[in-house]
Amino acid sequence: MSTVSPDELTTERLAGLEPGPVLGRELDPEVGDGTLVSDPAVRPPLVLGRRDFRSITETICSWTENAPGRWWTLAFLTSSTVAGVGTLMILYLIVTGVGVWGLNNPVGWGWAIVNFVWWVGIGHAGTLISAILCIFKQKWRTSINRFAEAMTIFAVICAGMFPGIHVGRIWFAWFLFPIPNSNAIWPNFRSPLLWDVFAVGTYFTVSLLFWYMGMIPDLATLRDRAVRRLRAATGGGRFELAIGKVRALAYGLLSLGWRFSSRHWQNYEKAYILLAGIATPLVLSVHSVVSFDFATAIIPGWHTTIFPPYFVAGAIFSGFAMVLTLLVPARELYPGMKDFVTMRTLENMCKIITVTGSMVGFAYITEFFIAWYSASSYEQQAFIIRAMGPYWWAYGTMFLCNVISPQVFWLKWARTTPWFIFIVSIVVNIGMWFERFVIVTTLSSDFLPGSWGYYSPTFVDVLTFVGSLGIFMTLFLLFMRFLPMLAISEVKNVIPQADPHGPTDHAADERQGD
């Protein structure tokens with residue numbers, strides 16, 4: 001009996017596909033790679049190419065075990081160079097002081113806070129995909145959750161960099177933590193900036209544990225494969241053998257003695273769902289606390305209760321856009337990835353971007369309504385200046401990128417065309433950065449017109465931000481090179497052969513192995 005489910009056969013027939021892998025085949029205009037079936041009676045496959053357990057392991061592990069292409073080397077050299085420029089700017093800032101930034105009176109917050117909020121927002125998609133979609137049993141997440149979790153870790157690292165350098169004297173940044181000291185100096189626990197330390201720190205810790213624990217079975221697979229390759233190695237130079245020993249030792253240490261026993265899997269499943277439950281409220285709480293940096297102030301345009309849900313929706317919006325920005329090129333560059341990251345996955349992510357983008361647009365409109373309804377001349381003036389004042393160009397860019405551009409995903413062609421999805425995702429990321437910029441530049445027009453000013457960044461501001469992009473890409477490229485990008489065990493769980501109640505072919509299962 002065939003191990004392929006009837007749903008998969010029906011889907012391939014409707015898509016006009018022949019049995020076998022879909023790589024290099026022209027996509028059907030209606031159902032794409034066979035996963036965009038609109039018939040509710042047909043369940044689209046989550047993995048294409050008639051994959052079995054062995055081919056899934058071989059394909060995903062090959063991305064790590066084989067030498068990277070030239071594109072990876074070029075991208076790594078470029079990103080590491082940019083990261084080096086950003087590091088030099090930070091050192092220059094520490095030596096010289098925050099006077100090298102474009103800060104002035106009354107704009108005491110500049111690009112550092114803009115970049116901090118932007119990076120924290122980007123880090124939300126990983127936890128949402130991993131935790132919330134896991135709890136809701138959305139199996140399409142299995143091909144992208146590892147990818148998104150890694151993005152979360154590296155985005156939070158970039159975000160945490162900016163509050164440290166924003167204080168000016170970075171050697172006093174430890175004052176943010178409630179550490180007992182002989183001077184009896186304690187942080188102000190009523191300050192939302194201190195709340196950020198606890199919220200972002202907790203979010204990073206839980207996300208790191210969630211990401212690392214999910215990789216343990218896959219790291220054990222890489223460990224066993226590295227050991228087998230060492231035992232089978234009869235030729236090769238000393239350098240190749242040394243590299244093989246280092247890989248086997250590194251993966252062995254990281255896998256923490258995992259042996260694929262039933263007891264290990266039982267504990268793993270319990271811990272995974274517990275961490276998912278812990279991480280779920282963090283998606284809502286972390287960016288709500290970040291929004292309190294603005295909402296608890298008395299500045300017109302900031303002092304509003306809409307900020308927490310508005311910031312959370314914007315964070316999910318920008319986070320999913322960044323996942324697509326990284327995922328679409330990787331899907332083209334790595335052989336076999338299209339079998340796991342299907343068009344249905346991209347379409348689902350585009351739908352989420354459309355929903356959250358509409359929520360963000362509704363928040364923009366609501367802000368103007370509340371400013372008018374409050375009958376506060378200061379509040380009304382703040383939003384009039386925001387939309388038609390000296391920063392009108394930033395507000396217009398924000399509205400165009402965040403509200404108008406995602407609406408193209410109502411068209412099926414737009415949300416099923418990878419190159420177009422990639423362009424829109426970049427536009428959304430630009431728009432979300434400008435949203436943070438518009439919020440911070442509200443400081444330029446306070447209660448007294450006599451103290452109004454105009455904020456413009458210096459080259460140090462710009463290069464520090466560009467350097468953070470380089471740091472992020474450098475870390476992400478290292479992840480793509482040395483760690484499994486997809487969750488091998490989770491991908492195997494969604495193929496028809498993994499269904500204990502489905503049709504099985506015991507002879508084929510014995511041939512496939514693990």
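Residues numbered from 1 in each chain as written. Predicted model: local features only at pLDDT ≥ 70, side-chain atom pairs only at ≥ 80, totals over all residues. Heavy atoms only, no water.

Colleague: I'm lost on the packing of aromatic side chains in this one. Help?
Modeller: The description of two aromatic rings rests on the distance between their centres and on the angle between their planes. Counted according to the given criterion, the structure contains 52 aromatic pairs. Centroid distance Phe 294 to Phe 311: 5.9 Å. Interplanar angle 45°. Geometry classified as tilted. Of this pair, Phe 294 sits in helix H9 (residues 262-295) while Phe 311 is found in helix H10 (residues 307-333), placing the two residues 17 residues apart along the sequence. A residue is classified by how much of its surface remains accessible, and Phe 294, at 2% relative accessible area, is buried. For Phe 311, a relative accessible area of 0% gives the class buried. The ring of Phe 311 has Arg 436 lying over it, and the distance from NZ or CZ to the ring centre is 5.5 Å. Directly above the aromatic system of Phe 482 lies the positively charged group of Arg 481, at a separation of 5.2 Å from the ring centroid. (Phe/Tyr/Trp six-rings, centres within 6.5 Å; stacked < 30°, edge-to-face > 60°. Helix = DSSP H or I, 4+ residues; strand = E, 2+ residues; numbered from the N terminus. Buried < 20%, exposed > 50% of the residue type's maximum accessible area, 1.4 Å probe, protein only. Lys NZ or Arg CZ within 6 Å of the ring centre and 35° of its normal.)

Colleague: What should I look at first to understand empty space enclosed by the protein in this one?
Modeller: Empty pockets left among the atoms are what a rolling probe the size of a water molecule brings to light. The final tally for this structure, using the stated rule, is 6 cavities of 30 Å³ or more. Looking at the largest cavity, the residues that line it are Ala 382, Ile 385, Arg 386, Tyr 391, Val 438, Thr 441, Thr 442, Ser 444 and Ser 445. For the lining of the largest cavity, the leading source of residues is helix H12 (residues 377-388), giving 3 residues. Class assignment of the residues belonging to the lining of the largest cavity gives a composition of 4 nonpolar, 4 polar and 1 charged. (1 Å grid on protein atoms, 1.4 Å probe; cavity = no way out; pocket = protein on both sides within 12 Å on 5 of 7 lines; lining within 4 Å. Points joined across faces, edges and corners; volume = space filled by probe spheres on them. Nonpolar A, V, L, I, M, F, W, Y, C, P; charged D, E, K, R; others polar.)

Colleague: Explanation requested: the environment of Met 213 in the structure shown.
Modeller: Structurally, Met 213 is set in helix H7 (residues 192-232). For Met 213, a relative accessible area of 13% translates into the label buried. C-alpha separation for the pair Met 213 and Ser 255, spaced 42 residues apart in sequence, amounts to 9.1 Å. The contact partners of Met 213, leaving out residues within four places of it in the chain, are Tyr 268, Ala 271, Tyr 272 and Leu 275. (Contact = heavy atoms within 4.5 Å.)

Colleague: How should I be thinking about the pattern of salt bridges in this particular structure?
Modeller: Pairing between side chains of opposite charge can happen when the charged atoms of each approach one another. By the definition in use, this model includes 12 salt bridges. Between Arg 386 and Glu 367 there is a salt bridge; the shortest N-O distance is 3.7 Å. A residue pair is termed long-range when its members are at least 10 positions apart, and Arg 386 in helix H12 and Glu 367 in helix H11 (residues 343-373) qualify at 19 residues. Linked through salt bridges whose partners overlap, the residues forming this network are Glu 58, Glu 65, Arg 225 and Arg 229. (Salt bridge = Lys/Arg side-chain N within 4 Å of Asp/Glu carboxyl O.)

Colleague: How do you make sense of the packing of H9 against H10 when you look at a structure like this?
Modeller: How two helices pack is summed up by the angle between their axes together with the distance between the axes. Axis separation between H9 and H10 bottoms out at 8 Å; the angle between their running directions is 125°. In terms of axis orientation, H9 runs oblique to H10. The interaxial crossing formed by H9 with H10 has right-handed handedness. Packed against H9, whose contacting residues are Val 283, Leu 284, His 287, Ser 288, Ser 291, Phe 292, Phe 294 and Ala 295, the element H10 presents Phe 307, Pro 308, Phe 311, Val 312, Ala 315 and Ile 316 at the interface. Residues belonging to the contact of H9 with H10 are distributed by class as follows: 11 nonpolar, 3 polar and no charged. (Axes fitted to C-alpha atoms, helices over the stretch in contact; angles between N-to-C directions. Parallel < 35°, antiparallel > 145°, perpendicular 65-115°, else oblique. Left-handed = near helix turned anticlockwise from the far one by under 90°.)

These results come straight from atomic positions and should not be treated as a statement about function.
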